[in-house]
Amino acid sequence: SDANSDEKPTHRVALSDYMIGKTEVTQELWQAVMGSNPSYFKSNNRPVEKVSWNDCQEFIKKLNSLTGLNFRLPTEAEWEYAARGGSQSKGYKYAGSNTIDDVAWYTVNCYDKGSSHPDYGTHPVGQKHPNELGLYDMSGNVWEWCQDWYGSYSSSSQTNPVGPSSGPSRVFRGGSWNYPGNCCTVSYRDHISTYYRDSCKGFRVVRTAEQR
């Protein structure tokens, strides 16, 4: 009832099996793959930030070369299904709870405390409660880039949707440490150009379930 217009219409989606990162990509992992750390709030176990969608693609290309696997960004549908708890979903508003402070770092417990407070900024991954699938920080901490171009939803049923074929901006999901609670819901959507970087955008990776 409180959804934004671009979160509608409701529609049925079917997805093939996939695996998704338990946490956002950390600065330690980014450093190991890329040899540098662009983040503003530096700490090995905090999510990497100040990375654009294009930067994420470069990271994934190098990660795949190093591992021989096929990692990628999640589609918007894959991201939301995981955030909602998949087949274990209890229908929570946020990723793992209807009580936002249990699962998310957002304005009230981060940004609003002021830049001199130790809770200001991002936090190490996995400190809040996980969702039904054991995934951490899908609400809050940093926004997470998705693979899709931003566009309107269709009301028709879809299988493995990938969004529009082109566009001016890519989707990011989940809210962050400096955004209010309404942005941390599992259905909230936002978007920006592929080269944009700031201290509240990171990502997690997926790969298909057959590649174990």
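Computed from a predicted structure; not experimentally measured.

A.B. asks: Tell me what's going on with the environment of Met34, and back it up with residues and numbers.
C.D. replies: Structurally, Met34 is set in helix α1 (residues 27-34). Sequence spacing of Met34 and Phe59 is 25 residues, and the spatial spacing of their C-alpha atoms is 6.6 Å. Not counting residues within four places of it along the chain, the set of residues in contact with Met34 comprises Glu58, Phe59 and Lys62.

A.B. asks: Please set out the side chain of Ser39 residue by residue, giving values where relevant.
C.D. replies: Relative to the helices and strands, Ser39 is located in the loop between α1 and α2 (53-67). By relative accessible area, which is 2% here, Ser39 ends up buried. For Ser39, the side chain forms a polar contact with the main-chain nitrogen of Glu49, separated by 3.1 Å. Ser39 has contacts with Gln27, Pro47, Val48, Glu49 and Lys50, leaving out every residue within four places of it along the chain.

A.B. asks: Quick one: what's the story with the environment of Ala3, residue by residue and with numbers?
C.D. replies: Secondary-structure assignment places Ala3 in the segment before β1 (13-14). Residue classification places Ala3 among the partly exposed positions, given a relative accessible area of 28%. For the pair Ala3 and Gly96, spaced 93 residues apart in the sequence, the C-alpha separation amounts to 18 Å.

A.B. asks: Mind laying out the layout of surface pockets, listing which residues take part and the relevant values?
C.D. replies: If you add up the space inside the largest pocket, you get close to 940 Å³. In terms of lining residues, the largest pocket is bounded by 39 residues, among which Glu7, His11, Glu80, Arg84 and Tyr153 are the most central. Elements supplying a minimum of two residues to the lining of the largest pocket: α3 (76-83) and β3 (143-149). Tallied by class, residues from the lining of the largest pocket come to 15 nonpolar, 13 polar and eleven charged. Lining of the second largest pocket is provided by 14 residues; of these, Asp17, Tyr18, Tyr81, Gly86 and Leu133 occupy positions nearest its centre. For the lining of the second largest pocket, the secondary-structure elements that each account for two or more residues are β1, β2 (18-20) and α3. At three residues, the largest contribution of residues to the lining of the second largest pocket is made by β2. Across the lining of the second largest pocket, the residue classes break down as ten nonpolar, three polar and one charged.

A.B. asks: How would you summarise the pattern of salt bridges if you had to cite specific residues and measurements?
C.D. replies: Summed over the entire model, instances satisfying the criterion amount to nine salt bridges. For Arg197, the salt bridge is made with Asp55, and the minimal N-O distance between the two is 2.5 Å. Here Arg197, found in the loop between β6 (189-192) and β7 (201-202), pairs with Asp55, found in helix α2; they are 142 residues apart in sequence, far enough to count as distant. Since its relative accessible area comes to 47%, Arg197 is described here as partly exposed. Close ionic contact of Arg204 with Glu144 constitutes a salt bridge, the shortest N to O distance being 2.8 Å. In this pair, Arg204 is assigned in the loop between β7 and β8 (206-208) and Glu144 in strand β3, connecting sequence segments 60 residues apart. As far as the burial class goes, Arg204 and Glu144 line up, both buried.

What counts, and where the lines are drawn
Residues numbered from 1 in each chain as written. Predicted model: local features only at pLDDT ≥ 70, side-chain atom pairs only at ≥ 80, totals over all residues. Heavy atoms only, no water. Helix = DSSP H or I, 4+ residues; strand = E, 2+ residues; numbered from the N terminus. Contact = heavy atoms within 4.5 Å. Buried < 20%, exposed > 50% of the residue type's maximum accessible area, 1.4 Å probe, protein only. Polar contact = N/O pair within 3.5 Å; in protein donor to acceptor, adjacent residues only side chain to side chain. 1 Å grid on protein atoms, 1.4 Å probe; cavity = no way out; pocket = protein on both sides within 12 Å on 5 of 7 lines; lining within 4 Å. Points joined across faces, edges and corners; volume = space filled by probe spheres on them. Nonpolar A, V, L, I, M, F, W, Y, C, P; charged D, E, K, R; others polar. Salt bridge = Lys/Arg side-chain N within 4 Å of Asp/Glu carboxyl O.

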